[in-house]
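Listed below are the residues making up each chain.
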Amino acid sequence: MDMVSESNDNPARIQPVRLELDSKIKFSCHKGVRCFTQCCRGIRILLTPYDIIRMKNRLGLSSEDFLAIYTEPQLLEKTDLPVITLKLLDDDAKSCPFVREDGCLIYADRPSTCRYYPLGVASLSHKENADDEGFFILIEEPHCKGFEEDKVWTIRDWRKDQGVDVDDDINAGWTDLLVRKRSFPKNIALTEKSKQLFFMVSYNIDQFRDFVFNSSFLTRYPIDDETLEKIKTSEIELLRFGLNWLKSLLFRDSPNEG
Ligand code: SF4
Ligand code: SF4
């Protein structure tokens, strides 16, 4: 699962070490480092559902417009499920559209991959309600001088500092779907319709809201009043609900269910 940023021209050295929550890394990134913002060019950033909600709200865009302007669709080979990446500028450096000389224009709402960097999520084995938050790898790119700094972090503290613990919790249902599909036998394929539903719930929350409230959805899938109120007023609750609904819809006959 490609959850890491990758430089196209300068391959990252990925340490084949399994880092757990209590593992330590020596790293610091701040405006004073020589390489400031170099990692925001020539990269591939997979966007999670919560990334899109935050970024489109930050930019004042509908999810439809955000997808059209800032993203590129991809197919995740191992899962055969659609994912999206941030569309880079067409300049020589293939810059992220949000990078400026003094940093990230949307820093408080930057994607999960940017928050994790220089860590990558090595495994998406995280299951909802489990105490297993996967494990991590260290991506050492030659241009990154953050490793020369003295600050030492545990992975647990790094995740908290960067806010990815919250992101991962909100994205857990989506991660779970990708992992389930990956573990399916190759001869079991999802229909195009199923993939479209996965795309809509995961990445186009405005369209999903419309689908729930302006179609026969609520007649076909009755929802209790409390949940209904929550998903009317919170995009995060709507996303969580949608991912749960998808799971029961797509994998109800799954041998892995349960
Ligand atoms: S220290 Fe690493 S993460 Fe920080 S700006 Fe430089 S290249 Fe990017
Ligand atoms: S979103 Fe921000 S942190 Fe991430 S690559 Fe772009 S400028 Fe850098």
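Residues numbered from 1 in each chain as written. Chains lettered and ligands numbered in written order. Predicted model: local features only at pLDDT ≥ 70, side-chain atom pairs only at ≥ 80, totals over all residues.

(A) Structural context of the overall build of the chain. Along the backbone of the chain there are 10 helices and 10 strands. In the chain, buried positions account for 33% of the 258 residues. Sequence-distant contacts, at least 24 apart, represent 75% of the contacts inside the chain between residues at least 6 apart. (Helix = DSSP H or I, 4+ residues; strand = E, 2+ residues; numbered from the N terminus. Buried ≥ 20, exposed ≤ 12 C-beta atoms within 10 Å, placed from the backbone. Contact = placed C-beta atoms within 7 Å.)

(B) Fine view of the confidence of the model for the chain. On average, the chain scores 86 in pLDDT, and the residues at 70 or more come to 84%. Long-range and interchain partners of residues 1-9, a stretch whose pLDDT sits below 50, account for 27 contacts in this model, where long-range means more than four residues apart. Throughout residues 254-258 the model reports pLDDT below 50, and contacts reaching past four residues in sequence, or to other chains, amount to 5 contacts. (pLDDT = per-residue confidence, 0-100.)

(C) Summary view of helix α6 (residues 192-203). In a regular helix each residue adds 1.5 Å, so 12 residues correspond to 16 Å; α6 covers 16 Å between its end C-alpha atoms and thus fits that length. Among all positions in α6, only Phe198, Val201, Ser202 and Tyr203 are buried. Along the axis of α6, the buried positions cluster into a sector of 165°, meaning they face one direction only. Relative to its buried face, α6 has exposed residues pointing more than 90 degrees away, namely Glu192, Lys193 and Gln196. Residues of α6 that are buried make contact with α1 (49-59), α2 (63-70), β5 (81-86), α5 (164-182), α7 (205-213) and α10 (235-250). (Expected span 1.5 Å × (residues − 1). Arc of directions from axis to C-beta.)

(D) Structural detail: the nonpolar core. Counting residues in hydrophobic clusters, the biggest one holds 52 residues, and the most contacted among them are Cys96 and Leu119. Ignoring sequence-local partners within four residues, the contact set of leucine 119 consists of Phe136, Ile137, Leu138, Ile155 and Trp158. (Core = buried A, V, L, I, M, F, W, Y, C linked by C-beta atoms within 7 Å.)

(E) Just the site of ligand 1, in detail. If you check the shell around ligand 1, you find Cys29, Val33, Cys35, Phe36, Thr37, Gln38, Cys39, Tyr117, His143, Cys144, Lys145 and Gly146 and nothing else. Looking at the shell around ligand 1, its residues break down into 7 nonpolar, 4 polar and 1 charged. (Near = placed C-beta within 6 Å. Nonpolar A, V, L, I, M, F, W, Y, C, P; charged D, E, K, R; others polar.)

(F) Structural detail: the pairing of strand β9 (residues 136-140). Counting buried residues in β9 gives 4 out of 5 residues, a clear majority hidden from the surface. Here 3 bridges tie strand β8 (residues 119-121) to β9, and the two strands are oriented antiparallel to one another. When the bridges of β9 are listed, glycine 120 appears paired with isoleucine 137. (Pairing = 2+ DSSP bridges.)

(G) Up close: the packing of α7 against α10. Two elements in contact, α7 and α10, have axes whose closest approach is 11 Å; the angle formed by their N-to-C orientations is 70°. Between α7 and α10, the angle is such that the two are roughly perpendicular. Seen from α7, the contacting residues are Ile205, Phe208 and Arg209; seen from α10, they are Glu235, Leu238, Leu239 and Gly242. When its residues are assigned to classes, the contact of α7 with α10 shows 4 nonpolar, 1 polar and 2 charged. (Axes fitted to C-alpha atoms, helices over the stretch in contact; angles between N-to-C directions. Parallel < 35°, antiparallel > 145°, perpendicular 65-115°, else oblique.)

(H) Highlighting the sheet that holds strand β3 (residues 46-47). With respect to topology, 3 strands assemble into an open sheet ordered β3-β5-β4, the strand pairing being antiparallel. The sheet terminates laterally at β3 and β4 (71-76), the two strands that pair on one side only. Judged from the 2 bridges that link them, β3 and β5 form a sheet pairing that is antiparallel. By the bridge assignment, leucine 47 is partnered in β5 with isoleucine 84.

(I) Expanded view of α1. The buried fraction of α1 amounts to 8 of the 11 residues, a majority that puts the element mostly inside the structure. Looking at α1, one finds that the buried residues are Pro49, Tyr50, Asp51, Ile52, Ile53, Arg54, Met55 and Lys56. Phi turns positive, to about 70°, at glycine 60, one or two residues after α1.

(J) Looking closely at unusual backbone geometry. Along the chain, tyrosine 117 connects to proline 118 via a cis peptide bond; the corresponding omega equals 15°. Along the polypeptide, proline 118 turns up in the loop between α3 (112-116) and β8. The backbone of threonine 37 sits at a positive phi, close to 75°, despite the residue not being glycine. Structurally, threonine 37 is set in the loop between β2 (24-26) and β3. The exposure class assigned to threonine 37 is partly exposed, which follows from the 17 C-beta atoms found within 10 Å. Phi is positive for lysine 94, close to 50°, though the residue is something other than glycine. By secondary structure assignment, the location of lysine 94 is in the loop between β5 and β6 (99-100).

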